[in-house]
Amino acid sequence: AVIAGLLFEVYLSKTTIGKKTAVIIISSLGLLSYGLFLFLQTGNPFYFLISELSWERHITIPGFNILTILQYIASFGIKPESFTLFSDLLFTVFGFGMVFWSVKCLKSQLFVYALISILLPLTTSLLLSLPRFLIVIFPVFMAASQIKARVFHISFILISLVVLFLYFNFFLRNIWVS
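Heads up: these notes are all about the structure in this document. (Residues numbered from 1 in each chain as written. Predicted model: local features only at pLDDT ≥ 70, side-chain atom pairs only at ≥ 80, totals over all residues. Heavy atoms only, no water.)

1. Looking at the overall build of the chain
- Scanning the chain for helices and strands turns up nine helices and zero strands.
- In sequence order, the secondary structure elements of the chain are arranged as α-α-α-α-α-α-α-α-α.
- Referenced to the eigenvectors of the C-alpha coordinate spread, the extents of the chain come out at roughly 55 × 50 × 30 Å.
- Taken over 178 residues, the chain has a buried fraction of 25%.
- Counting contacts in the chain only where the partners sit at least 6 residues apart, residues at least 24 apart contribute 64% of the total.
- On the chain, roughly 12,000 Å² of surface is accessible, and the fraction owed to carbon and sulfur atoms is 75%.
- Positive and negative charge centroids in the chain, built from 11 and 5 side chains respectively, lie 17 Å apart. (Helix = DSSP H or I, 4+ residues; strand = E, 2+ residues; numbered from the N terminus. Buried < 20%, exposed > 50% of the residue type's maximum accessible area, 1.4 Å probe, protein only. Contact = heavy atoms within 4.5 Å. Areas by Shrake-Rupley, 256 points an atom, 1.4 Å probe, with all protein chains shown as cover. Lys, Arg positive; Asp, Glu negative; His and termini not counted. Charge placed at Lys NZ, Arg CZ, Asp CG, Glu CD.)

The following block contains the structure:
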């Protein structure tokens, strides 16, 4: 997602071809070096795609995981056991809302980065860990800061504190490892 955002930035910029090439090469070095590391360790530079299978995650149609969670909630209701599914769904809705709000108030390069960053977890079979993925999508929080309503800011802080307490409690009780 970072590389795609940078490529979009380079495309829009009015710099010379040499500078554009340098930016593309430098922005790709992280992924290329990680691929080299994986190749040296496992013999497969794309091992990170295979390791997802150990968590029962596989590539699927984007959004299919949302339909699966909605079907589960419709069948069994919201129970304490399904709290993580429900919270993952709420974070997904919040993330999408803020990504699309960012179109109005942020640069298009940041929107491209945020959109790709939230679409990538949606191509897996589960929304597992989506709150953790959402934390690093900084344009979401930049867009939230552009909302002028004081009620939104107070609500955002209070909800964040409640979620922090719940997730920290889960971590302390060994329900979640990370």
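2. Some details on the environment of Arg132
- Its location among the elements puts Arg132 in helix α7 (residues 130–135).
- Between the C-alpha atom of Arg132 and that of Ile17, which follows or precedes it by 115 residues, the distance is 37 Å.

3. A word on the packing of helix α5 (residues 83–105) against helix α8 (residues 138–145)
- Here α5 crosses α8 at 65°, and the two axes come no closer than 8 Å. With respect to α8, the element α5 is oriented roughly perpendicular. Of the two possible hands of crossing, α5 and α8 adopt the one that is left-handed. Contacts from Phe94, Gly95, Met98, Val99, Trp101, Ser102 and Cys105 in α5 reach Pro139, Val140, Ala143 and Ala144 in α8.
- Of the residues contributing to the contact of α5 with α8, the split by class is nine nonpolar, two polar and no charged. (Axes fitted to C-alpha atoms, helices over the stretch in contact; angles between N-to-C directions. Parallel < 35°, antiparallel > 145°, perpendicular 65-115°, else oblique. Left-handed = near helix turned anticlockwise from the far one by under 90°. Nonpolar A, V, L, I, M, F, W, Y, C, P; charged D, E, K, R; others polar.)

4. Some thoughts on the packing of α5 against helix α6 (residues 108–122)
- For the pair α5 and α6, interaxial distance at closest approach is 9 Å and the crossing angle is 160°. Taken together, the axis directions place α5 and α6 in an arrangement best described as roughly antiparallel. Both α5 and α6 take part in a crossing whose hand is left-handed. Residues Thr92, Gly95, Phe96, Val99, Phe100, Ser102 and Val103 of α5 lie in contact with α6, whose contacting residues are Phe111, Ala114, Leu115, Ile118, Leu119 and Leu122.

5. Topic: helix α4 (residues 64–76)
- The end-to-end C-alpha distance of α4, which contains 13 residues, comes to 18 Å, matching closely the 18 Å that a straight helix rising 1.5 Å per residue would cover.
- Those residues of α4 not exposed but buried are Asn65, Ile69 and Ile73. Looking straight down α4, one finds that the buried residues subtend no more than 75° of arc, so they occupy a single side. Facing away from the buried side of α4, by more than 90 degrees, are the exposed residues Leu67, Gln71, Ala74 and Ser75.
- Against the buried residues of α4 lie α5 and α6.
- Phi turns positive one or two residues past the end of α4, at Gly77, with a value near 80°. (Expected span 1.5 Å × (residues − 1). Arc of directions from axis to C-beta.)

6. A look at the packing of aromatic side chains
- For the structure on display, the rule yields nine aromatic pairs.
- A centroid spacing of 6.3 Å and a plane angle of 25° characterise the contact between Tyr34 and Phe37, whose relative ring orientation is stacked. Of this pair, Tyr34 and Phe37 both sit in helix α2 (residues 17–42), separated by three residues, roughly a single helical turn.
- In this structure Tyr34 comes out as partly exposed when scored by relative accessible area, which is 39%.
- Residue Phe37 is classed as partly exposed on the basis of its relative accessible area of 44%.
- With centroids separated by 5.7 Å and ring planes inclined at 5°, the aromatic side chains of Phe96 and Phe100 adopt a geometry described as stacked. Taken together, the residues Phe96 and Phe100, both in helix α5 and four residues apart, mark about one turn of the helix.
- Take Phe100: its relative accessible area is 45%, and that puts it in the partly exposed class.
- Within the aromatic cluster, the residues linked to one another by ring pairs are Phe94, Phe141, Phe152 and Phe156. (Phe/Tyr/Trp six-rings, centres within 6.5 Å; stacked < 30°, edge-to-face > 60°.)

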